[in-house]
Amino acid sequence: MKDLTRRQSLALSLAAPALALAPRPAAAKAPIQGPGAALYQRFMLGEMEVTALLSNNRTVEKPHEIFGLNASDDDFASVSAEAFLPTDKAQFFFTPTLVNTGSELVLFDTSTDPGSITAALAAAGYAPDQVDKVVLTHMHPDHIGGLMTDGAPTFANATYVTGAAEHNFWSANPSDQFTANVVPLNDRISFLDDGGTAAPGIVAMEAFGHTPGHMAFVLDSGGKVMAITGDTANHYVWSLAHPDWEVKFDADKAAAAATRRRVFGKIATDRIPFIGYHMPFPSVGYVEAQGDGFRYVPASYQLML
C-alpha cells in the first residue's frame, strides 16, 4: 500500500471530528425468546413413516430420589459427573410415536393430557380424527392422559390395542386415570400378548416390570427394524448404563432390571434403533453393550439415509 500524501492525511484528520459527531443507528435489542424445540421429528423406516412427537417436557428435582434408589449418593454423583449431568435436576421428555404404515395411522401412547398430544400432532400436520389406531405400551397416567377430552374420545375414529396382562391388572386395581380414560373405551380395545400383531409390521414384545403388563413393540418394514421401548428404560444414563439401578416408578424393580438387560441386550446385538418414551428428544438412538450395562448413542443422520 502506498503511503498517504500529506493532503490525504490532512483531509482525514479534519473529517474525524465530524464522523464522531454523526448520528449512529440504535443497536437492535431483540427480546429473549426462551428455550424452544421442534415438536416432532419424522423419518422413513422402510415403507413406514415414523414421527416422534414431543408432547411434553418438564424439569424434575432430586433425580436420585427417582433413579438409582439402590445406588449410594457418591456413586450416583460420580456416574452423573462422568456424563456431564447435574444431580439436583433432570429433564423429563414425553415422546409418543406416530407410525404411518401406508394403510393405518398408528399412535403409540397419548401423553399426559389431550392438549399436549393434539398440539404435537398438529405441529406434525395431523388431526386427532386421522388416527386409526392407538397402541398403549402401559397405563401410567403420562401414557393414557390424552385418551379422553371432556369425556369424549380424543381420537374419535380410532380403535385401541394394549397388552392383555396390563389391562387385566388395572381392571383389578383401577387408578382414577384408568377409570376415567380407559374404561369408557373398553368396547373398542383389542388385547395381545408377547408376539401378537398390533398392526401389519408391528409386533408386541413382553417387557414386564415397569408395570405388570408393560409391552414394547418392534416395527419391521422393507428390511428395516426399529423398537419402540416405552418405559423399559427411562433415562439414557441412570437406566441404560446401570440397568440394575432401581427406579421409583417400576412396579417390580427386579423384573424391570431383568427386562432392561434382555430388551436392550437384543437391541444392542441386532444393532437396531429404538425410540424410548423418556429419552432426550427426539428420543431416537442406539445402544451398545459396555461394561455392565449399555452406552446410549443418539441417532444423528442414520435414519435420513
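These numbers come from a predicted model, not from an experiment. Within each chain, residues carry numbers counting from 1 in the order of the written sequence. Totals for whole chains, interfaces and linings use every residue, but because this is a predicted model, local features are given only for residues with pLDDT of at least 70 and side-chain atom pairs only at 80 or more, for both listing and counting. To obtain the side-chain values, all non-hydrogen atoms of the structure were used and water was disregarded.

Draft legend 1. Structural view of the packing of aromatic side chains. Stacked, edge-to-face and tilted labels apply to pairs of Phe, Tyr and Trp rings (six-membered ring for Trp) whose centres lie within 6.5 Å, assigned for plane angles under 30 degrees, over 60, and everything in between, in that order. Applying the stated criterion across every chain yields a total of eleven aromatic pairs. Seen in terms of ring centroids, Phe-67 and Trp-238 are 5.6 Å apart; in terms of plane orientation they differ by 40 degrees. Their pairing is tilted. Taken together, the residues Phe-67 in the loop between β3 (56-61) and α2 (73-82) and Trp-238 in the loop between β15 (224-230) and α7 (253-270) connect sequence positions 171 residues apart. When sorted by exposure, Phe-67 lands in the same class as Trp-238, which is buried. With centroids separated by 6.4 Å and ring planes inclined at 85 degrees, the aromatic side chains of Phe-94 and Tyr-277 adopt a geometry described as edge-to-face. Taken together, the positions of Phe-94 in strand β4 (residues 89-94) and Tyr-277 in the loop between β16 (274-276) and β17 (284-290) put the pair 183 residues apart, joining distant regions of the chain. Here Phe-94 and Tyr-277 have matching classes, each one buried. Three or more aromatic residues joined by ring pairs form one cluster here, namely Phe-67, Phe-76, Phe-92, Trp-238 and Trp-245. Helix numbering and strand numbering both begin at the N terminus, where a helix is a DSSP run of H or I of at least 4 residues and a strand a DSSP run of E of at least 2. Exposure categories follow from relative accessible area, calculated using a 1.4 Å probe and restricted to protein chains: below 20% of the type maximum is buried, above 50% is exposed, and the middle band is partly exposed.

Draft legend 2. Structural view of a nonpolar patch on the surface. Patch criteria: residues need more than 30% relative accessible area and no salt bridge. Like-charged residues are merged within 9 Å; nonpolar side chains of Val, Leu, Ile, Met, Phe, Trp and Tyr are merged within 5 Å. Using the Shrake-Rupley algorithm and a 1.4 Å probe, accessible areas are obtained, with residue cover drawn only from the displayed protein chains. Salt bridges are defined as contacts in which a side-chain nitrogen from Lys or Arg sits within 4 Å of a carboxyl oxygen from Asp or Glu. Nonpolar side chains collect at one region of the surface, where Tyr-301, Met-304 and Leu-305 lie side by side and expose about 460 Å² of accessible area between them. Structurally, the position occupied by Tyr-301 is in the segment after β18 (293-298). Accessibility expressed as a relative area gives 53% for Tyr-301, which makes it exposed.

Draft legend 3. A look at the sheet that holds strand β7 (residues 133-136). In space, the seven strands of this open sheet follow the order β1-β2-β5-β6-β7-β10-β11, with mixed pairing throughout. Strands with a single pairing partner mark the edges of an open sheet, and in this sheet they are β1 (40-45) and β11 (189-192). Shown here is a sheet whose adjacent strand axes are inclined to one another by a mean of 20 degrees, direction ignored. Two elements, strand β5 (residues 97-100) and strand β6 (residues 105-108), share four bridges in a ladder whose sense is antiparallel. Among the inter-strand pairings, Leu-98 is bridged to a residue of β6, identified as Leu-107. The contact criterion used is simple: two residues touch if any of their non-hydrogen atoms lie within 4.5 Å. Note on definitions: angles span 0 to 180 degrees between N-to-C directions of axes, and those axes are lines fitted to C-alpha atoms, for helices only across the stretch in contact. Each of β1, β2 (48-53), β5 and β6 is contacted by helix α3 (residues 114-123), which is oriented at about 130 degrees to β2, the strand it contacts most. Any two strands between which DSSP finds at least two bridges are classified as paired.

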